[in-house]
Amino acid sequence: MANQIRDTEFGHLVRFLSRHKLFRYPDEDDASLWKQCLQRDTGSTAIPSGEQANQLVGDLRSGSIVEDSQDTYLVQWYGPDDPENPQNWTERWKLLVASLMCILNFSFYIASSIYVPGIPSIMEEFGSSEIVATLGLSLFTIGYGLGPMLWSPMSEIPQLGRSPLYFWTFLAFILLQLPTGFAVNMPMFLVFRVLTGFLGSPPLATGGATIIDMYDPARAGYGICILSSFGVLGPVFGPIIGGFAAPVEGWRWTIWIFTWLCALVVILLFFLLPETSAANILYRRAKRLREMTGDNRFRSQSEIDAAHHTVRDYFLILSRAFTLTFSEPIVFFMDLYSALLYGVLFLWFESFPLVFGDIYGFSAETQGLAFLGIFIGALVTVPFFLAWIKYGIIPKFTKPSFRPEMVLPPTFVGAVTLPICLFWYGWTARDSIHWIVPIIGSSLFTVCVVTLFNTVFNYLGISYPTYAASIFAGNALFRASFGASFPLFARELFRQLGIGPGNSLLGGIAVIFVPIPFVFYRYGVRIRHMSKNARHDI
């Protein structure tokens, strides 16, 4: 436990204030321990940084000490059982960190949709139009789509790591809720909505990379499934909570509610979230050994690699999320499919009030309860998907014949279910049909989310493990772009075409997307092997 607490922001503060007398590292008390991690740097040893470092660096061992005449001492793990290696943490700590990622994901995502029931209130207070008021949702979504494009590549820089980005950006996100909630006009409100969306976004893409840091690829599938499910439940519960707060207290209380929740989360992050990036842990170990011994020849692999980097290389790292998204066909089309799902979900934030408010006469407080159908669908679907991972994926994962494309079959179900869901919901939303019928239709949307979202994340994570954080960042940008744009035309779409034809239009688009997972299941191996960024060994 001390190993993990020491690497939290709280642990770093205690070490700084005590001048490294408290929460000491084992190699600070046992000077001979560091000798176990030395290895000659011959110039031919290449250890990838980022997510692969957890798996590959841990396999390197040496029983000898590098001669003083050597230029570099390579710092690595203290054997295969090194307790600082996130892969070797206890199951309780792994579960705790994974749970923190889920809570962080949920608390941030809820901030997007909880505002929607407050749109009539802010329109009345600031005298703005419906579309301008909807920008409070859209700009926040754009902000958290753009944010991971910067934060995720930064988390792959060993000198920075992941934990500080989570804590400091989320703290800034909370503090900026004050000018958001006390905004005196619409421009001020919208500016801070996009800023807070940008600053609070690191967990959206990097959370999946944190899971991969701790678990082997087979078990990481469980964590990514649950993590992404929390990312969907956040927007689902937002209108439910906001629907009861906004009509009584106004739109400002929708801001304060999630701010209190996020304040609790940031306290948990401060005390309980350790660093998980192997590259960062080994970088700080090498830096610590240099300070202890006064010998500048101690280097981590990331420092050895970075010694030849130029400023241009660092810009390439920061632009990696963009370049991978638009240069890799697998990444582009899978991101596009995820974006369609997300766009439909955010479009329903505008559609549900029209259906359950105007057609079925639900009050403002109870309209959000219609989203519980999606929640119930998640409770039913997620266990089946986890069972698929356990019995359908994990037994194949260790076999030489395993291919990333073997995780794709659940997407076949999701691809077919999405148009069914849209047609069902659209054409049963009428006063002659009981309100439970369109809610049941909307619950099928969770089947699409669970089978498509989670499978896409697993497929991309396995196919591009070295750049997982950047890949997930590109996915977040695509999703946010659709999530931001769809609500802006949603009400006009349904007012001009009607609920049935409007959803039929979306269902027709979903039909066009159906072949995508089948194509990648059949030809994915060939496409991956033409890429210089994807894995070629499986």
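Bear in mind the structure is a predicted one, so any value in this text is a computation, not a measurement.

A. Representation of the overall build of the chain. Regarding its fold elements, the chain presents 25 helices and two strands. By its C-alpha atoms, the chain is 85 × 55 × 40 Å across when sized along the principal axes. Out of the 538 residues belonging to the chain, those deemed buried represent 59%. Across the chain, every contact between residues at least 6 apart in sequence was considered, and the portion connecting residues at least 24 apart equals 81%. Only carbon and sulfur atoms are counted for the fraction: they give 67% of the accessible area of the chain, which is about 21000 Å². Taken together, the 36 basic and 38 acidic charged side chains of the chain have centroids lying 4 Å from each other.

B. The arrangement of a nonpolar patch on the surface in detail. Together, V416, I420, W424, W435, I436 and I440 give the surface a local cluster of nonpolar side chains, amounting to about 500 Å² of exposed area. Looking at the nonpolar patch, the elements with two or more residues in it are α21 (409–428) and α22 (436–463). The biggest single contributor to the nonpolar patch is α21, with three residues. Secondary-structure assignment places V416 in helix α21. Overall, the relative accessible area of 43% leaves V416 in the partly exposed class.

C. How the structure looks around helix α24 (residues 499–513). The end-to-end C-alpha separation of α24 is 22 Å, in line with the 21 Å expected for 15 residues at 1.5 Å each. Taken as a whole, α24 has its buried residues at I499, G500, G502, N503, S504, L506, G507, A510 and F513.

D. Quick peek at the packing of aromatic side chains. Under the criterion given, the structure shown has 50 aromatic pairs. Aromatic side chains Y342 and F453 sit 6.4 Å apart centroid to centroid with 45° between the ring planes, which places their arrangement in the tilted category. Linking Y342 in helix α18 (residues 329–359) with F453 in helix α22, this pair joins segments that are 111 residues apart in sequence. For Y342, a relative accessible area of 2% translates into the label buried. The ring of Y25 has R288 sitting right over it, with the charged end atom 3.7 Å from the ring centre.

E. Molecular detail of unusual backbone geometry. The phi dihedral of R19 is positive, around 55°, even though this residue is not glycine. Mapped onto the fold, R19 is located in the loop between α2 (9–17) and α3 (26–29). A relative accessible area of 73% means that R19 is categorised as exposed. Within the chain, H20 stands out as a residue other than glycine whose phi angle is a positive 70°. In this fold, H20 is placed in the loop between α2 and α3. Since its relative accessible area comes to 34%, H20 is described here as partly exposed.

F. Molecular detail of the environment of F513. Topologically, F513 is positioned in helix α24. Taking the C-alpha atoms as reference points, F513 and A415, 98 residues apart in sequence, are found 7.4 Å from one another. Not counting the four nearest positions on each side in its chain, F513 is found in contact with L336, Y337 and L340.

G. Local environment of the pattern of salt bridges. Tallying each qualifying case throughout the model produces 17 salt bridges. Residue E28 pairs with R15 through a salt bridge whose shortest N-O separation is 3.1 Å. Residue E28 is located in helix α3, and its partner R15 is located in helix α2; the two are separated by 13 residues in the primary sequence. The exposure class of E28 is buried, given its relative accessible area of 16%.

H. Expanded view of the packing of α24 against helix α25 (residues 515–529). Closest axis-to-axis distance for the α24/α25 pair is 5 Å, and the angle between their directions is 10°. The angle between α24 and α25 falls in the class roughly parallel. Touching V511, I512 and F513 of α24 are P515, I516 and P517, all from α25. Broken down by class, the residue content of the contact of α24 with α25 amounts to six nonpolar, no polar and no charged.

I. Fine view of the environment of F423. By secondary structure assignment, the location of F423 is in helix α21. For the pair F423 and N503, spaced 80 residues apart in sequence, the C-alpha separation works out to 6.3 Å.

J. View of the confidence of the model for the chain. Predicted confidence across the chain gives a mean pLDDT of 86, with 92% of residues reaching 70 or more. Scored below 50 in pLDDT, residues 39–69 shows 75 contacts in the model against residues more than four places distant or in partner chains.

K. Expanded view of the side chain of R193. Its location among the elements puts R193 in helix α10 (residues 186–199). It turns out R193 is buried and unbridged, and the closest side chain with the opposite charge, E350, is 10 Å from it. Once you skip the residues sitting within four places of it in the chain, R193 turns out to touch A111, S112, Y115, G136, L137, F140, T180, I255 and F258.

L. Structural context of the packing of helix α12 (residues 217–249) against α22. Packing of α12 against α22 leaves a shortest axis separation of 9 Å and a crossing angle of 130°. Classed by the angle they form, the pair α12 and α22 counts as oblique. Relative to α22, the crossing made by α12 is right-handed. Seen from α12, the contacting residues are G221, I224, C225, S228, S229 and V232; seen from α22, they are V449, F453, N454, F457 and N458. Of the residues that constitute the contact of α12 with α22, the class distribution is six nonpolar, five polar and no charged.

M. Highlighting the state of the cysteines. Counted under the stated rule, the structure contains zero disulfides. As a non-bridged cysteine, C421 has C448 as the owner of its nearest cysteine sulfur, 5.4 Å distant. C421 gets classed as buried once you look at its relative accessible area, which sits at 0%.

N. A look at the nonpolar core. Counting residues in hydrophobic clusters, the biggest one holds 126 residues, and the most contacted among them are F170 and W348. For this core, the leading source of residues is α18, giving 19 residues. The contact partners of F170, leaving out residues within four places of it in the chain, are L104, S107, F108, L165, L199, G200, C262, V265, V266 and L269. Counting six residues, the second-largest nonpolar core is a separate cluster that includes Y73, V75, Y78 and L289.

Calculation rules
Residues numbered from 1 in each chain as written. Predicted model: local features only at pLDDT ≥ 70, side-chain atom pairs only at ≥ 80, totals over all residues. Heavy atoms only, no water. Helix = DSSP H or I, 4+ residues; strand = E, 2+ residues; numbered from the N terminus. Buried < 20%, exposed > 50% of the residue type's maximum accessible area, 1.4 Å probe, protein only. Contact = heavy atoms within 4.5 Å. Areas by Shrake-Rupley, 256 points an atom, 1.4 Å probe, with all protein chains shown as cover. Lys, Arg positive; Asp, Glu negative; His and termini not counted. Charge placed at Lys NZ, Arg CZ, Asp CG, Glu CD. Patch = residues over 30% accessible without salt bridge, like charges linked within 9 Å, V, L, I, M, F, W, Y side chains within 5 Å. Salt bridge = Lys/Arg side-chain N within 4 Å of Asp/Glu carboxyl O. Expected span 1.5 Å × (residues − 1). Phe/Tyr/Trp six-rings, centres within 6.5 Å; stacked < 30°, edge-to-face > 60°. Lys NZ or Arg CZ within 6 Å of the ring centre and 35° of its normal. Axes fitted to C-alpha atoms, helices over the stretch in contact; angles between N-to-C directions. Parallel < 35°, antiparallel > 145°, perpendicular 65-115°, else oblique. Nonpolar A, V, L, I, M, F, W, Y, C, P; charged D, E, K, R; others polar. pLDDT = per-residue confidence, 0-100. Left-handed = near helix turned anticlockwise from the far one by under 90°. Disulfide = S-S within 2.5 Å. Core = buried A, V, L, I, M, F, W, Y, C linked by side-chain atoms within 4.5 Å.

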